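# Per-entry structural report
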Amino acid sequence: PHAALHVTHNPVQRLPLRLRQQYIPPWPQIGLVPRSTTRGARFETVAFIGYPENLDPELASENFARRLAAQGLRLVIPAPGAWHDFSGIDVVLAVRNFGRAEEHLNKPALKLYNSWSARVPAVLGFESAYRKEGNPGVDYLEATNADEVLAALERLALSPSLRTSMVAAGQEKMKARTELELRSIWLDVLSKRLLPLYER
């Protein structure tokens, strides 16, 4: 409560006690390696980029793995040291939990930004930052249960044009999230908001 300003990475998040806050988009993954162009239209590898314990238990089950295999897909969970490498990934899966009850107001849209930057389509859970920053059905697909995850993956598998259009829409969004743009936002906040507060 004694901080002059709280920087948040979710535009929907509202801090308690009327604390001063400023939304700044998160930096994309450092050293991000985009999907390899040599993969072409291949659609085989589904990646959950995060700690295994954060994956919804239903998606970590053997039953889900079998259902994926029936679609010709496999789920991989890269080690933290490889979270920047999207070169061998065909689709990002980022679902913390199913349903619409939890908006994750303190979580950023970083997984969405990274998928856009890496030129990889994404299937994401219902989260406030994703919905505010992205457009479900246009630059990512949303799923609130395991059946919806599988349906979204099937849609992408059957439609290379959908994958291409989603990637293109994400690339367009990232034009406003370049390093130059983010640096400009930070400098503006530091010089116009924080330094005057410090002087007072």
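Notes on the structure in this doc start here.

Parameters and conventions
Residues numbered from 1 in each chain as written. Predicted model: local features only at pLDDT ≥ 70, side-chain atom pairs only at ≥ 80, totals over all residues. Heavy atoms only, no water. Helix = DSSP H or I, 4+ residues; strand = E, 2+ residues; numbered from the N terminus. Rg over C-alpha atoms; globule rule 2.2 N^0.38 Å. Buried < 20%, exposed > 50% of the residue type's maximum accessible area, 1.4 Å probe, protein only. Areas by Shrake-Rupley, 256 points an atom, 1.4 Å probe, with all protein chains shown as cover. Lys, Arg positive; Asp, Glu negative; His and termini not counted. Charge placed at Lys NZ, Arg CZ, Asp CG, Glu CD. Polar contact = N/O pair within 3.5 Å; in protein donor to acceptor, adjacent residues only side chain to side chain. Contact = heavy atoms within 4.5 Å. Expected span 1.5 Å × (residues − 1). Bend = angle between axes of the 7 residues up to and from the residue. Arc of directions from axis to C-beta. Pairing = 2+ DSSP bridges.

## Let's talk about the overall build of the protein chain
Counting its secondary structure elements, the protein chain contains six helices and seven strands. Taken from N to C terminus, the helices and strands of the protein chain fall in the order β-β-β-α-β-β-α-β-α-β-α-α-α. A compact globule built from 200 residues should have a C-alpha radius of gyration of about 16 Å, and the protein chain, at 18 Å, falls within 12% of that. Dimensions of the protein chain along its principal axes, counting C-alpha atoms only, are 65 × 35 × 30 Å. Counting only residues that meet the buried cut, the protein chain has 42% of its 200 residues in that class. A total accessible area of about 10,800 Å² is found for the protein chain, and carbon and sulfur atoms account for 54% of it. Here the protein chain carries 25 positive and 21 negative side-chain charges, and the mean point of each set is 5 Å from the other.

## Focus on the side chain of N10
Along the polypeptide, N10 turns up in the loop between β1 (6-8) and β2 (21-23). In this structure the side chain of N10 is engaged in a polar contact, spanning 2.8 Å, whose partner is the backbone nitrogen of V12. Reaching out from N10, the side chain makes a polar contact with the backbone oxygen of L105 at a distance of 3.0 Å. Setting aside anything within four residues of it in sequence, one finds N10 in contact with Y23, H104, L105, N106, K107, S128 and A129.

## Description of helix α6 (residues 179-199)
Between its first and last C-alpha atoms α6 spans 29 Å; for 21 residues at 1.5 Å apiece the expected length is 30 Å, and the two agree. Maximum bend of α6: about 30 degrees, positioned at L190. Buried within α6 we find L182, I185, V189 and L197. Buried residues in α6 make contact with β2.

## Re helix α5 (residues 160-174)
Along an α-helix, residues three or four positions apart point the same way, because every turn accommodates 3.6 residues. Here α5 spans 21 Å end to end across 15 residues, near enough to the 21 Å set by a 1.5 Å rise per residue. Taken as a whole, α5 has its buried residues at L162, R163, M166, V167, A169, G170 and M174. Projection of α5 onto a plane perpendicular to its axis shows the buried side chains occupying an angular sector of 160 degrees, all on one side. Exposed positions of α5 whose direction lies more than 90 degrees from the buried face are S161 and T164. Considering only its buried residues, α5 is in contact with α2 (110-118), β6 (122-124), β7 (141-142) and α4 (146-158).

## Describing the pairing of strand β5 (residues 91-94)
Burial along β5 is two-sided: the face carrying V91 and L93 and the face carrying V92 and A94 are both buried. As paired strands, strand β3 (residues 45-47) and β5 are joined by two bridges and run parallel to one another. Each bridged residue has a counterpart across the sheet, and for V46 the counterpart in β5 is V91. Of the pairings in the sheet, the one linking β5 to β6 comprises three bridges and is parallel in character. The residue of β6 that forms the bridge with A94 is L124.

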